[in-house]
Amino acid sequence: MIDKIAMAEEFVKTELGNDSSGHDWHHIDRVRKNARLIWSKEQQGDWFIIEMTALLHDIPDDKLNESEEAGWMKLDSFLQSIDLDIEISSRIKACIDTVSYKGGRVTELDSIEAEIVQDADRLDALGAIGIARTFAFGGKKGHPIYEPELNVRGRMSLEEYRNGDSSSVNHFYEKLLKLKDKMNTEQAKQLAEERHKFMESFLEQFYSEWNGKA
């Protein structure tokens, strides 16, 4: 299976290597490292499924493709090209389908592999890395850093979440600060606590500087 991992790495580097929205190869590799850390503590799940899911989880993402359908076709084509067992391929795709936040949708995770990769991906949206990625993505989307007149949005459709008016700072409240309580595994819950507190400290300092009090 090592050769298939190597092929997946090269495929992802080709597809996402030049991304500037926070979904580049380094994000993918950090998610894999997070997943490895969680898996080593949880002692559950098939590591090959977890690693392949971590590597490929952003390939079908609708915000990184012309459409979600195009993204899934790209993923299917790759999995077929490496002659992966149909059952294993199906398990990987099932995990990938449940990883994305997509406006806070509630998805039923039916495997420990899906839980681990979802936690690993969400951990990379927290802490110092999460802050950096938030402003990178906001800049890519043309969102302001902060606009006090823009209200934090509550429940949203996927279309509203993807394309509605927001700011990078509002994104903390619309997604990032909610993630700590959405972790599946005990290890991820522990890791999320520290990263969550760091973001709260950042926001406190941000508002202090914004209002000329720092």
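Keep in mind the model is a prediction, meaning the values are calculated, not measured.

Definitions and cut-offs
- Every chain is numbered on its own, with residues counted from 1 as its sequence reads.
- It should be noted that, the model being predicted, local features are given only for residues of pLDDT at least 70 and side-chain atom pairs only at 80 or more, the latter also being counted only at that level, while totals for whole chains, interfaces and linings use all residues.
- Only heavy atoms go into the side-chain values, all of them from the structure, while hydrogens and water stay out.
- Every case where a carboxyl oxygen of Asp or Glu lies within 4 Å of a side-chain nitrogen of Lys or Arg is listed as a salt bridge.
- We count a stretch as a helix when DSSP gives it H or I for four or more residues in a row; a strand needs E for two or more, and each element gets its number in order from the N terminus.
- Whether a residue is buried, partly exposed or exposed follows from its accessible area with a 1.4 Å probe, protein chains only, as a fraction of its type maximum: under 20%, in between, or over 50%, in that order.
- Angular values range over 0 to 180 degrees, each being the angle between N-to-C directions of two axes fitted as lines to C-alpha atoms, with helices fitted over their stretch in contact.
- What makes two residues a contact is simply this: any of their non-hydrogen atoms within 4.5 Å.
- Side-chain classes are defined by residue name, with Ala, Val, Leu, Ile, Met, Phe, Trp, Tyr, Cys and Pro counting as nonpolar, Asp, Glu, Lys and Arg as charged, and the others, Gly among them, as polar.
- To form a nonpolar core, buried Ala, Val, Leu, Ile, Met, Phe, Trp, Tyr and Cys residues must be joined to one another through side-chain atoms within 4.5 Å.
- Take the residue count of a helix, subtract one, and multiply by 1.5 Å to get its expected span.

S.K.: Hey, could you run me through the pattern of salt bridges in this one?
M.R.: Think of it this way: side chains of opposite charge can pair up when their charged atoms draw near. In the structure shown here, the tally under the stated rule is 15 salt bridges. In this structure, the salt-bridge partner of D76 is K93, at a minimum N-O distance of 2.8 Å. Of this pair, D76 sits in helix α4 (residues 68-81) while K93 is found in helix α5 (residues 86-99), placing the two residues 17 residues apart along the sequence. Under the relative-accessibility criterion, K93 is labelled partly exposed at 25%. One salt bridge in this structure joins E186 and K189, with 3.4 Å as the shortest N-O distance.

S.K.: Help me out: how do you make sense of the packing of helix α1 (residues 2-16) against helix α2 (residues 25-42) in this one?
M.R.: Think of two packed helices as two axes; the pair is described by the angle between the axes and how far apart they sit. The N-to-C vectors of α1 and α2 enclose an angle of 145°; their axes lie 9 Å apart at closest approach. On α2, the residues touching I5, E9, V12, K13 and L16 of α1 are W25, I28 and R32. For the contact of α1 with α2, the per-class residue count stands at 5 nonpolar, no polar and 3 charged.

S.K.: What is the right way to read the nonpolar core from this model?
M.R.: Nonpolar side chains in soluble globular proteins tend to end up buried together. Among the nonpolar cores identified, the biggest contains 27 residues, and L123, L126, F172, M183 and M199 are the most heavily contacted of them. Of all elements in the fold, only α2, α3 (47-56), α6 (112-123), α9 (168-174) and α10 (186-210) reach the threshold of two or more residues within this core. In terms of nonpolar packing, the next biggest core, distinct from the first, is built from 25 residues, I5, A8, L75 and I96 among them.

S.K.: Where do I start with α2 in this structure?
M.R.: Given 3.6 residues per helical turn, the α-helix brings residues three or four places apart onto the same face. Given a rise of 1.5 Å per residue, 18 residues ought to cover 26 Å, and the 25 Å separating the end C-alpha atoms of α2 matches this to within 8%. Within α2, burial applies to W25, H27, I28, D29, V31, R32, N34, A35, I38 and E42. Elements in contact with the buried residues of α2: α1, α3, α6, α7 (127-141) and α10. Just past α2, the residue Q43 takes up positive phi, approximately 55°.

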